[in-house]
Amino acid sequence: MMRLYPRRILRSVLMVAMFVFVMLNLHILLTSQPDQLGRANNRLYHGYGHYPDDTHVQFRQETQPIDPQSIEILSTRKLVIPPVEGFSTSSKKDSIHKNIDVNNVTFIMEEVHRLNKLQHIQNLPKFGLKLDSESTVIVVQVHDRVEYLKILLQSLRKVRNIQNALLIISHDVYSKELNDVVETVDFCPVMQIFFPDSQQIYFNVFPGTDPRDCPRNMKKDMAIKAKCLNALHPDKYGHYREPKYCQAKHHWIWKLNHVFEKIKVLDEYQGMVLLLEEDYYVTEDVLTILQMLQNIQKRDCKDCQMLVIGNYDKVQNYQLNSGKVEKSFWISSKHNMGMVFTRKLWDQIKKCQKEFCYHDDYNWDWTIQHLSMKCIPGRIQCLRLKATRIFHIGECGIHHKGKSCNPGEKIKKTEDLLFKNKNHMFPNILSVVGQSRFKLRDPKANGGWGDVRDQELCLKFFNTTAS
């Protein structure tokens, strides 16, 4: 007869109990539905592209479990939206309206506000989205040059890892042609935003051209006698505002405010924001070089608030300079192409908003240099590539009076140059080779920004909530 030992029996019972406990918890883990977290994530996700109901946004910081009550805190660190297998196109309610009557200003205004509020991200189910401190958001300011926009998008299509970037197209003209071009983008997530105070919408009142406004060259005493609306507010050179020039600065600052303050998926985003314009052309290694440049900045230039990857040098020596970087104080005429902003720099500009909006210069870049010299502590310092990764191909624009707007010749020169230097793209290392010795000065204001209405509208962009 087997003897029963109490200690052995107790040990056996404990082992069986532990086995049952483990199996029960494993069953619960595999079969339960994360209802509460799913619902919280879906609320945050609403408006980003309308995934199927069982898809949710993941906000991650570490490997710790996610408490639904802390999702807003975690979202400041990292946003992850996974792609959807077997994705489908977006619903019609997310799409831009196709039947556009450009003469119906009320319709355009309503559509612009609808789309800015919707914040729909095209191609989101296909690519998903990951946003953290290592990411790149590309923001393109677009006016009305359809052919140039096509060329820029074609160059972006070739960029390595472009599928990981978020592309934001910021328009000040609402047109079927431009919208159709953007809808052809199938290589990355893309969002369209629309400047709501454009001349297209306000074509016969401020900020457009009000027929009661003073002509540019009218003398102030004559303007006062004529009782035109802005008679008391010419610029420092005695000229009255020209809406087409003022709009570019308004659009530029509205765009930055909208990106950093209004777009939900970019709440507290701390990564890079690359600013482009519709008549640029980018190289295939632009995102790769940006990541390397960011690493250099973190290690060797912690006081640098900006990265610059474009320049206007007529001679580009990629064999010598492809991997070389230079430290510099930011200069508007040299460093305004291919600028990379972060939230930290944007916050500095916000603190200088009155200086920005009251400075009598219709150029946003000259105004930023003025802020650098007079308002931003330590002045804006940057790291810039000695061999450009961005080319300005535009022959027509608000500052160009020529009639020929065919970019073909410039495109050919650019592509020939890049083909000859293809072996020098994607350098293995970047190295800081020195510091620019350009003399700094507070640039003389160019005027064109004396009208108090422009100043007040500018300040409104800093202080309004999303509509």
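This is a predicted model, so every value here is computed, not measured. (Residues numbered from 1 in each chain as written. Predicted model: local features only at pLDDT ≥ 70, side-chain atom pairs only at ≥ 80, totals over all residues. Heavy atoms only, no water.)

**Considerations on the confidence of the model for the protein chain**
Of the residues in the protein chain, 79% reach a pLDDT of 70 or more, and the chain-wide mean stands at 85. Taken as a whole, residues 49-76 scores under 50 in pLDDT and shows 60 contacts with residues more than four places along the chain or in a different chain. (pLDDT = per-residue confidence, 0-100. Contact = heavy atoms within 4.5 Å.)

**Focus: the nonpolar core**
General note: in soluble globular proteins, nonpolar side chains tend to be found buried as a group. Counting residues in hydrophobic clusters, the biggest one holds 52 residues, and the most contacted among them are I168, W252, L266, F341, I349 and F356. Broken down by element, the residue count for this core peaks at eight residues, all from helix α9 (residues 243-261). In this structure, V173, C188, V286 and I309 belong to the second largest nonpolar core, which totals 43 residues. (Core = buried A, V, L, I, M, F, W, Y, C linked by side-chain atoms within 4.5 Å. Buried < 20%, exposed > 50% of the residue type's maximum accessible area, 1.4 Å probe, protein only. Helix = DSSP H or I, 4+ residues; strand = E, 2+ residues; numbered from the N terminus.)

**Quick notes on the packing of α9 against helix α15 (residues 364-374)**
Packing of α9 against α15 brings their axes to within 9 Å, and their N-to-C directions diverge by 60°. Comparing the axis directions of α9 and α15 gives the class oblique. Along the contact surface, α9 presents A248, K249 and W252, while α15 presents W364, T367 and I368. Residue composition of the contact of α9 with α15, grouped by class: four nonpolar, one polar and one charged. (Axes fitted to C-alpha atoms, helices over the stretch in contact; angles between N-to-C directions. Parallel < 35°, antiparallel > 145°, perpendicular 65-115°, else oblique. Nonpolar A, V, L, I, M, F, W, Y, C, P; charged D, E, K, R; others polar.)

**A look at the pattern of salt bridges**
Enumeration over the complete set of coordinates arrives at 21 salt bridges. In this structure, the salt-bridge partner of K350 is E261, at a minimum N-O distance of 2.9 Å. With K350 in helix α13 (residues 343-351) and E261 in helix α9, this pair connects stretches of sequence that are 89 residues apart. The exposure class of E261 is partly exposed, given its relative accessible area of 30%. Several salt bridges share partner residues, and in doing so they unite R145, E278 and D279 into one network. (Salt bridge = Lys/Arg side-chain N within 4 Å of Asp/Glu carboxyl O.)

**A closer look at the side chain of D285**
Along the chain, the position of D285 falls in the loop between β9 (280-282) and α10 (286-300). At 3.1 Å, the side chain of D285 and the side chain of R389 are in polar contact. Apart from residues lying up to four places away in sequence, D285 is in contact with R389, M425, F426 and P427. (Polar contact = N/O pair within 3.5 Å; in protein donor to acceptor, adjacent residues only side chain to side chain.)

**Comments concerning the state of the cysteines**
For the structure on display, the rule yields four disulfides. Shown here is the disulfide that connects C214 with C228, its sulfur atoms set 2.0 Å apart. What sets the handedness of the C214 and C228 disulfide is the S-S torsion sign, and at about 95° it is right-handed. You can see C214 sitting in the loop between β7 (190-194) and α8 (220-226) and its partner C228 sitting in the loop between α8 and α9, a full 14 residues away along the chain. Judged by its relative accessible area of 11%, C228 is buried. Between C357 and C458 runs a disulfide, and the two sulfur atoms are separated by 2.1 Å. Given an S-S torsion of about -70°, the disulfide between C357 and C458 has left-handed geometry. Of the two residues, C357 sits in helix α14 (residues 353-358) while C458 sits in helix α17 (residues 452-463), which places them 101 residues apart along the sequence. Both residues of the pair, C357 and C458, count as buried. (Disulfide = S-S within 2.5 Å.)

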